[in-house]
Amino acid sequence: MARKRRLKQQKQQEEMKKQTVQKLITKQSTRRKDEEKEREVSRRILGPCERYLQTAASVSLSYPVEMHFPLRSQPPIQPPLPVHCSAPGCAAMKKYSCSSNGHPVCSLACYKVMRPVTGPGKA
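Residues numbered from 1 in each chain as written. Predicted model: local features only at pLDDT ≥ 70, side-chain atom pairs only at ≥ 80, totals over all residues. Heavy atoms only, no water.

Q: An account of the overall build of the chain is needed here, citing residue identities and associated values.
A: Each helix and strand counted, the chain has two helices and four strands in total. Ordered by position in the sequence, the α and β elements of the chain form the string α-β-β-β-β-α. Across the chain, every contact between residues at least 6 apart in sequence was considered, and the portion connecting residues at least 24 apart equals 7%. Split by element, the accessible area of the chain, about 11,700 Å² in all, is 57% carbon and sulfur. (Helix = DSSP H or I, 4+ residues; strand = E, 2+ residues; numbered from the N terminus. Contact = heavy atoms within 4.5 Å. Areas by Shrake-Rupley, 256 points an atom, 1.4 Å probe, with all protein chains shown as cover.)

This is the structure we're talking about:
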């Protein structure tokens with residue numbers, strides 16, 4: 001009797017091992033398929049892009065076929081001109097914008113000068 005029980009338990013354990021191995025194999029294969037799908041979708045979304053690769057031996061830069069190389073030169077972009085405070089008699093640089101009219105101001109004092117008085121008791 002005890003021998004039959006042991007054999008039955010061993011068979012059950014082997015069967016469970018086989019099932020877990022099968023589950024793991026199918027899970028890994030579906031995971032790989034999902035990863036491949038994600039890569040393919042990301043390639044479609046990104047479209048053609050440049051690739052920069054730097055290794056210990058070399059550095060390479062790859063461009064898509066439809067991109068012209070060497071790259072066309074473009075004129076340099078000029079930085080925006082500095083904006084000065086719009087308060088009368090003030091030449092300081094802009095730090096803030098007036099909330100009521102949008103004029104550039106440099107300090108609270110200039111803000112109070114530029115802000116129109118809307119009613120009694122308001123400054």
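Q: Now, about the pairing of strand β1 (residues 51–54): what can you tell me, with residues and values included?
A: Looking down a regular strand, the side chains alternate between one sheet face and the other. Pairing of β1 with strand β2 (residues 59–62) involves four bridges; the strand directions are antiparallel. Bridged to Q54 within β2 is V59. Hairpin connection, β1 to β2: the antiparallel pair is bridged by four residues. (Pairing = 2+ DSSP bridges.)

Q: Now, about a nonpolar patch on the surface: what can you tell me, with residues and values included?
A: On the surface, a cluster of nonpolar side chains totalling about 330 Å² of accessible area is made up of Y52, V59 and L61. Within the secondary structure, L61 is located in strand β2. (Patch = residues over 30% accessible without salt bridge, like charges linked within 9 Å, V, L, I, M, F, W, Y side chains within 5 Å. Salt bridge = Lys/Arg side-chain N within 4 Å of Asp/Glu carboxyl O.)

Q: Describe the nonpolar core, listing the residues and the values that go with them.
A: With eight residues, the main nonpolar core is built from C85, A87, C98, V105, C106, C110, Y111 and M114. For C85, the contacting residues outside a window of four places in its chain are C90, A92, M93, K94, P104, V105, C106 and C110. (Core = buried A, V, L, I, M, F, W, Y, C linked by side-chain atoms within 4.5 Å. Buried < 20%, exposed > 50% of the residue type's maximum accessible area, 1.4 Å probe, protein only.)

Q: Break down the state of the cysteines for me, citing the residues and quoting the values.
A: In total, this model carries zero disulfides according to the counting rule given. Cysteine C110 is unpaired, with the sulfur of C106 as its nearest cysteine sulfur at 3.6 Å. (Disulfide = S-S within 2.5 Å.)

Q: Can you lay out the confidence of the model for the chain for me, pointing to particular residues and giving the numbers?
A: Averaged over every residue, the pLDDT of the chain is 82; residues scoring 70 or more account for 89%. Across the chain, the secondary-structure element scoring lowest on mean pLDDT is helix α1 (residues 2–46), at 82, and the one scoring highest is strand β4 (residues 104–105), at 92. (pLDDT = per-residue confidence, 0-100.)

Q: Describe in detail a negative patch on the surface, supporting the description with residues and values.
A: A cluster of acidic residues, D34, E35, E36 and E38, forms a negative patch on the protein surface. Tracing the backbone shows E36 in helix α1. (Lys, Arg positive; Asp, Glu negative; His and termini not counted. Charge placed at Lys NZ, Arg CZ, Asp CG, Glu CD.)

Q: So what about the environment of P82? Which residues, and what values?
A: Note on placement: P82 falls in the loop between β2 and β3 (96–97). Once the C-alpha coordinates of P82 and M93 are considered, the two residues, eleven residues apart in sequence, prove to be 7.2 Å apart.

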